[in-house]
Amino acid sequence: MTTHVWDYLPEFERERDDILDAVDTVFRSGQLILGASVRGFEQEFAAYHGIPHCVALDNGTNAVKLALQSLGIGPGDEVITVANTAAPTVVAIDGTGATPVFVDVRPDDFLMDTTQLADAITPRTKAIVPVHLYGQCVDMAPLRALAAEHGLLVVEDCAQSHGARQHGALAGSMGDAAAFSFYPTKVLGAYGDGGAVLTGSAEADRNLRRLRYYGMENGYYVVRVPGHNSRLDEVQAEILRRKLRRMDEYIAGRQRVARRYAEALTDLTAPGELELPTVTPGNEHVHYLYVVRHPERERILERLREQDIVLNVSYRWPVHLMSGFAHLGYAKGSLPVTERLAGEIFSLPMYPSLPTGLQDKVISALRSVCAKMR
Ligand SMILES: *Cc1c(COP(=O)(O)O)cnc(C)c1O
């Protein structure tokens, strides 16, 4: 049987009664759209973070997009982010009509290099979108200081960092708004698509509720601008409420899997050979992905594939070089760290219910492949 980086079935088998009860609860509630489960999830997700407002949406891409729109960002504005991210971050920025602008990432934690922000700011810059990639937070203190100095908005992309902390503060509590995805693989995952925005702003909250509902307020009347249909489904909301109660356990499970990898692989690590993920001081890492690095990545992936172990690369193509973003005008070589990483990183299987036997199989295969390359 082929081993993949993610599989929801072990968790479903364990939680089946609760998940099916959530479905039954919604079907029997008499309200299938924007009912008690969406309202309940919004309240509980906001309370978990200690943030006043949560608006549940249909996916994480629209969470980034509508968060920006709810804060007034659109055509003519520039939004600074990174190219080492899931393409949806940039699709969402582009979708508002604003122009995405990239800074490079750091070679140690692969996250936004905040020392490059000052040079990227122009008179048109309106916001920064830090992406808390792989499960730990971008260095927020210098980012926030710069944003305050230049009057910029901060919209955190938390799609990979539910429950991550920096100096005690939760991802999603450190900006003007924060976007989450509940895509099934995520730290808090639905059984389908889902997303949400957290914000401390009552005005952004009202804008978001209108934007996800065609732009309508007070019945069937579109005010200001046409919006979208971007509601979280009631069934997914009820499943997410159940799973939110177990989110801290999921995170502990991921951290256990990460510790096991570290213990089993550390002796193989060396600069220019295998490198394991680092946790930046002050960060609590939730290990959405376990991303390792090796200059001989392609050979390693090929050898593992021969043993029926199929791994992912997050991400193989830096966003700024994708042909769909050619209109942004970035050339090869413009983000050297991002581009180098894209050729060397790959992800080991990571999910809280990863069976120990599967993890051991991956560890021993990787050990023998890496040892042969020394
Ligand atoms: C998954 C993800 C998204 C998009 O979320 P969807 O729910 O799939 O639309 C956005 N940003 C990042 C960093 C992601 O990992």
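Computed from a predicted structure; not experimentally measured.

Trainee: Any details on the overall build of the protein? Residues and values, ideally.
Mentor: Scanning the protein from N- to C-terminus turns up 12 helices and 14 strands. At 21 Å, the protein has a C-alpha radius of gyration in line with the 21 Å of a compact globule built from 374 residues. Oriented by its inertia axes, the alpha-carbon framework of the protein measures out at about 65 × 55 × 35 Å. Here the protein holds 374 residues, and the buried ones make up 55% of them. Working note: accessible area of the protein is about 15800 Å², and carbon and sulfur atoms make up 52% of it. With 38 positive and 46 negative side-chain charges, the protein shows a separation of 2 Å between the mean positions of the two kinds.

Trainee: Let's hear about the pattern of salt bridges: which residues, and what values?
Mentor: Counted by the stated rule, this structure contains 27 salt bridges. For Asp 18, the salt bridge is made with Arg 242, and the minimal N-O distance between the two is 2.8 Å. In this pair, Asp 18 is assigned in helix H1 (residues 9-27) and Arg 242 in helix H8 (residues 234-244), connecting sequence segments 224 residues apart. Given a relative accessible area of 8%, Arg 242 falls into the buried group. If you follow the salt bridges from partner to partner, you end up with Glu 15, Asp 18, Asp 21, Glu 44, Glu 238, Arg 241, Arg 242 and Arg 246 in one network.

Trainee: Explain the nonpolar core to me, using residue names and the numbers behind them.
Mentor: In terms of nonpolar packing, the biggest core is built from 82 residues, with Phe 41, Phe 45, Phe 182, Tyr 261, Leu 265, Phe 346 and Leu 348 touching the most fellow members. Taken domain by domain, the makeup of this core includes at least three residues from each of domain 1 (9-103 + 110-244) and domain 2 (247-372). Among all residues touching Phe 45, those that are not within four sequence positions of it are Cys 54, Phe 180, Phe 182, Leu 188, Leu 198 and Leu 244. Counting residues in hydrophobic clusters, the runner-up holds 20 residues, among them Ile 73, Ala 127, Val 129 and Val 197.

Trainee: Before we move on, can you summarise the packing of helix H3 (residues 60-70) against helix H4 (residues 87-95) with the specific residues and values?
Mentor: Contact geometry of H3 with H4 gives a least axis separation of 8 Å together with a crossing angle of 35°. By crossing handedness, the relation of H3 to H4 is classed as right-handed. Across the interface between the two elements, Thr 61, Val 64, Lys 65, Leu 68 and Gln 69 of H3 pack against Pro 88, Thr 89, Val 91, Ala 92, Ile 93 and Gly 95 of H4. In the contact of H3 with H4, the residues fall into 6 nonpolar, 4 polar and 1 charged.

Trainee: Mind laying out the environment of Val 225, listing which residues take part and the relevant values?
Mentor: Following the sequence through the fold, Val 225 ends up in the loop between strand E11 (221-222) and H8. Given a relative accessible area of 45%, Val 225 falls into the partly exposed group.

Trainee: Any details on the site of the ligand? Residues and values, ideally.
Mentor: Near the ligand, the surroundings consist of 15 residues, among which Gly 60, Thr 61, Gln 160, Ser 181 and Lys 186 are the closest. Interatomic distance of 3.4 Å between a side-chain N/O atom of Thr 89 and a nitrogen atom of the ligand. Here the ligand has 380 Å² of accessible area as a free molecule, and 91% of this is covered by the chains. For the shell around the ligand, the secondary-structure elements that each account for two or more residues are H3 and H4. When the residues that make up the shell around the ligand are grouped by side-chain class, the tally is 5 nonpolar, 8 polar and 2 charged.

Trainee: Give me the packing of aromatic side chains: which residues, what numbers.
Mentor: As enumerated under the stated definition, the model contains 11 aromatic pairs in all. When the ring of Trp 6 is compared with that of Tyr 8, the centres are 5.8 Å apart and the planes differ by 35°; the resulting orientation is tilted.

Trainee: Before we move on, can you summarise the state of the cysteines with the specific residues and values?
Mentor: A complete count under the given rule lists 0 disulfides for this structure. With no disulfide of its own, Cys 137 lies 7.0 Å from the sulfur of Cys 158, the closest cysteine sulfur. On the basis of relative accessibility, which here comes to 0%, the residue Cys 137 falls in the buried class.

Trainee: Mind laying out the UniProt feature "modified residue: N6-(pyridoxal phosphate)lysine" (unreviewed entry) in the protein, listing which residues take part and the relevant values?
Mentor: Per the UniProt annotation, the sites labelled "modified residue: N6-(pyridoxal phosphate)lysine" (unreviewed entry) are Lys 186. As for its position among the elements, Lys 186 is in the loop between strand E8 (177-181) and strand E9 (195-199). On the basis of relative accessibility, which here comes to 13%, the residue Lys 186 falls in the buried class. For Lys 186, the residues in contact, after removing those within four places along its chain, are Ala 159, Gln 160, His 162, Ser 181, Arg 254 and Tyr 288.

Trainee: So, the domain arrangement of the protein: which residues are in play, and what are the values?
Mentor: One widely used convention gives an interface's size as the accessible area the parts lose upon coming together. Segmenting the protein into domains produces domain 1 (9-103 + 110-244) and domain 2 (247-372). Computed over C-alpha atoms, the centres of domain 1 and domain 2 are 25 Å apart. With 38 residues of domain 1 in contact, the opposing surface of domain 2 contributes 35 residues. Taken together, both faces of the contact between domain 1 and domain 2 bury some 3200 Å²; the carbon and sulfur share is 60%.

Trainee: Can you break down the pairing of strand E2 (residues 78-82) residue by residue, with the values?
Mentor: Counting buried residues in E2 gives 5 out of 5 residues, a clear majority hidden from the surface. Burial of the side chains of E2 extends over both faces: Glu 78, Ile 80 and Val 82 are buried on one face and Val 79 and Thr 81 on the other. Both E2 and strand E3 (residues 99-103) contribute to a ladder of 5 bridges, which runs parallel. Following the sheet pairing, Val 82 is matched in E3 by Val 103. In this sheet, strand E4 (residues 125-128) lies alongside E2 in parallel orientation, the contact comprising 3 bridges.

Here is what the cut-offs are and how they apply
- Residues numbered from 1 in each chain as written.
- Predicted model: local features only at pLDDT ≥ 70, side-chain atom pairs only at ≥ 80, totals over all residues.
- Heavy atoms only, no water.
- Helix = DSSP H or I, 4+ residues; strand = E, 2+ residues; numbered from the N terminus.
- Rg over C-alpha atoms; globule rule 2.2 N^0.38 Å.
- Buried < 20%, exposed > 50% of the residue type's maximum accessible area, 1.4 Å probe, protein only.
- Areas by Shrake-Rupley, 256 points an atom, 1.4 Å probe, with all protein chains shown as cover.
- Lys, Arg positive; Asp, Glu negative; His and termini not counted.
- Charge placed at Lys NZ, Arg CZ, Asp CG, Glu CD.
- Salt bridge = Lys/Arg side-chain N within 4 Å of Asp/Glu carboxyl O.
- Core = buried A, V, L, I, M, F, W, Y, C linked by side-chain atoms within 4.5 Å.
- Domains from an automatic or database assignment.
- Contact = heavy atoms within 4.5 Å.
- Axes fitted to C-alpha atoms, helices over the stretch in contact; angles between N-to-C directions.
- Left-handed = near helix turned anticlockwise from the far one by under 90°.
- Nonpolar A, V, L, I, M, F, W, Y, C, P; charged D, E, K, R; others polar.
- Near = heavy atom within 4 Å.
- Polar contact = N/O pair within 3.5 Å; in protein donor to acceptor, adjacent residues only side chain to side chain.
- Phe/Tyr/Trp six-rings, centres within 6.5 Å; stacked < 30°, edge-to-face > 60°.
- Disulfide = S-S within 2.5 Å.
- UniProt positions renumbered as here; feature names shortened; annotations may be inferred.
- Buried area = accessible area lost by both parts, 1.4 Å probe.
- Pairing = 2+ DSSP bridges.

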